[in-house]
Amino acid sequence: MKSENNEICYLEDCLTPKYFDSTVKCSMQIANYNKLTDSFASPFIILKLGHLINQCCDIAEFIKFKEQDGQSEKIKQEYEYII
């Protein structure tokens, strides 16, 4: 992710809508996506990455709710956008 975008410092940064495209691009590179065949060399890896990213979003959402009790709805919408 750092080679894709130098602005990304933390995992939480990857979960924001601003960096959604970078997150998808890097995930596809890890799973060896082939544009010609429109398939992954490692379908299991891309599936697992998707689940892990989803779990990270849930954890980040929970942490933000704990920190910012008054602005919960705005934060929830921001993180649900990427899911």
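I will try to describe carefully the structure that is included in this document. Just so we're clear, the structure is a prediction, and the values are computed from it rather than from any experiment.

Parameters at a glance
- Residues numbered from 1 in each chain as written.
- Predicted model: local features only at pLDDT ≥ 70, side-chain atom pairs only at ≥ 80, totals over all residues.
- Heavy atoms only, no water.
- Patch = residues over 30% accessible without salt bridge, like charges linked within 9 Å, V, L, I, M, F, W, Y side chains within 5 Å.
- Areas by Shrake-Rupley, 256 points an atom, 1.4 Å probe, with all protein chains shown as cover.
- Salt bridge = Lys/Arg side-chain N within 4 Å of Asp/Glu carboxyl O.
- Helix = DSSP H or I, 4+ residues; strand = E, 2+ residues; numbered from the N terminus.
- Buried < 20%, exposed > 50% of the residue type's maximum accessible area, 1.4 Å probe, protein only.

Notes on a nonpolar patch on the surface
In step 1: A cluster of nonpolar side chains, namely Ile30, Phe44 and Ile45, defines an oily patch on the protein surface of about 310 Å² accessible area.
In step 2: Relative to the helices and strands, Ile45 is located in helix α3 (residues 43-67).
In step 3: Using a relative accessible area of 32% as the deciding quantity, one classes Ile45 as partly exposed.

Regarding unusual backbone geometry
In step 1: Phi angles above zero are rare outside glycine, and Asn32 is one such case at about 55°.
In step 2: Looking at the element boundaries, Asn32 is found in the loop between α2 (20-30) and β1 (33-34).
In step 3: According to the relative accessible area criterion, Asn32 is partly exposed, its value standing at 44%.
In step 4: Phi is positive for Asp38, which is not a glycine, with a value near 55°.
In step 5: Tracing the backbone through its elements, the reader meets Asp38 in the loop between β1 and β2 (39-40).

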